[in-house]
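Survey of secondary and tertiary structure
In case you want the letters, here they are:
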Amino acid sequence: MKIICIGRNYAEHAKELGNEIPDEPVIFMKPKSALLQPHTPFYYPEFTNELNSECELVLRVCKNGKYINERNASNYYNGITVGIDFTARDLQNIAKEKGLPWEKAKAFDNSAAIGKFLDLTPDQKKANFTFKLLVNNQEMQRGNSADMVFKFDNLVAQISNYFSLNIGDIIFTGTPAGVGECVVGDELEAFLGNQSLLKLDIK
Ligand code: ZN
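My aim in this report is to walk through the structure given alongside it, one point at a time. If you're wondering where the values come from, they're calculated on a predicted model, not measured in any experiment.

Quick word on the overall build of the chain
Scanning the chain from N- to C-terminus turns up 5 helices and 12 strands. For 203 residues, the compact-globule estimate of 2.2 N^0.38 gives 17 Å, and the C-alpha radius of gyration of the chain, at 16 Å, lies within 12% of that figure. If one aligns the C-alpha atoms of the chain with their principal axes, the spans along those axes are about 45 × 40 × 30 Å. Within the chain, the fraction of its 203 residues that count as buried is 51%.

Details of empty space enclosed by the protein
Per the stated rule, a full pass over the model turns up 1 cavity of 30 Å³ or more. Estimates place the volume of the largest cavity at around 110 Å³. Every residue lining the largest cavity is counted, 17 residues in all, and those nearest its centre are Gly 7, Arg 8, His 13, Leu 17 and Glu 54. Per-element accounting of the lining of the largest cavity gives the leading share, 3 residues, to helix α2 (residues 89–98). Classifying every residue of the lining of the largest cavity by side-chain character gives 5 nonpolar, 6 polar and 6 charged.

Topic: the sheet that holds strand β11 (residues 187–192)
Strand order in the open sheet formed by 4 strands is β8-β7-β11-β12, with antiparallel pairing between adjacent strands. The sheet terminates laterally at β8 (138–144) and β12 (195–201), the two strands that pair on one side only. When the angles between neighbouring strand axes are averaged without regard to direction, this sheet yields 15 degrees. Pairing of strand β7 (residues 130–135) with β8, which is carried by 6 bridges, proceeds in the antiparallel orientation. From the neighbouring strand, Phe 131 faces β8, where its bridge partner is Gly 143.

Regarding the environment of Leu 188
On the secondary structure map, Leu 188 appears in strand β11. The spacing of Leu 188 and Lys 116 is 72 residues in sequence and 15 Å in space, taken between C-alpha atoms. Here Leu 188 is in contact with Ser 53, Ile 84, Phe 86, Leu 133, Leu 134, Val 135, Leu 198, Lys 199, Leu 200 and Ile 202, once residues within four sequence places are set aside.

Overview of the pattern of salt bridges
Enumeration according to the criterion identifies 9 salt bridges in this entry. Two residues, Lys 2 and Asp 169, come together in a salt bridge whose shortest N-O distance is 2.6 Å. Of this pair, Lys 2 sits in the segment before β1 (3–7) while Asp 169 is found in the loop between α5 (152–160) and β9 (170–172), placing the two residues 167 residues apart along the sequence. According to the relative accessible area criterion, Lys 2 is buried, its value standing at 17%. With a relative accessible area of 1%, Asp 169 lands in the buried category. A salt bridge links Glu 54 to Arg 89, with the shortest nitrogen-to-oxygen separation between them at 2.7 Å. Here Glu 54, found in strand β3 (residues 51–61), pairs with Arg 89, found in helix α2; they are 35 residues apart in sequence, far enough to count as distant. Comparing Glu 54 with Arg 89, the two get one shared label, buried. Residues participating in the shared-partner salt-bridge network are Lys 30, Glu 54, Asp 85, Arg 89 and Lys 106.

So, how was this worked out
- Residues numbered from 1 in each chain as written.
- Predicted model: local features only at pLDDT ≥ 70, side-chain atom pairs only at ≥ 80, totals over all residues.
- Heavy atoms only, no water.
- Helix = DSSP H or I, 4+ residues; strand = E, 2+ residues; numbered from the N terminus.
- Rg over C-alpha atoms; globule rule 2.2 N^0.38 Å.
- Buried < 20%, exposed > 50% of the residue type's maximum accessible area, 1.4 Å probe, protein only.
- 1 Å grid on protein atoms, 1.4 Å probe; cavity = no way out; pocket = protein on both sides within 12 Å on 5 of 7 lines; lining within 4 Å.
- Points joined across faces, edges and corners; volume = space filled by probe spheres on them.
- Nonpolar A, V, L, I, M, F, W, Y, C, P; charged D, E, K, R; others polar.
- Pairing = 2+ DSSP bridges.
- Axes fitted to C-alpha atoms, helices over the stretch in contact; angles between N-to-C directions.
- Contact = heavy atoms within 4.5 Å.
- Salt bridge = Lys/Arg side-chain N within 4 Å of Asp/Glu carboxyl O.

Everything listed is a geometric property; what it means functionally is a separate question.
Okay, structure coming up:
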């Protein structure tokens, strides 16, 4: 499986990091080793001093394909959850300054945490999803898929022009505004609507 991630997919978040709103999706990947196993603690990595938790909607790919047409794209995913795209922002800023790849900042071990997937019906795929991240029971981020620059079906189509999609792949669809730092001892809890799907501690 592979983990495909989208950057700058919410205008307000692009602005808060001083980035332009892209005219095509910003795509990056994390390897399988980035997936945090369920019920496993997350350990603050020693190579960063500025760890950010980006809460995102995550799709589960259920069909192999490439060059997927946007009109059929919804057949290629069948589950949704919330996830956290852990980011070593200090390393990412250095990489951005130097024009270097982001992997050390974004794709390190356990940098992709996902909640329990919920199955999606065809009707639900057309609906908008709200989601939020609580840190120590305080709301840190809140998002709505209606505010995405590139919506689910468009993302699937555009990703598949570059990367074959395979059953079991997952897609992080970008984070809304409000991204902040997390520190050792924080308790993170992510919700889809009002349903808590992911809970983890920073050790
Ligand atoms: Zn992200």
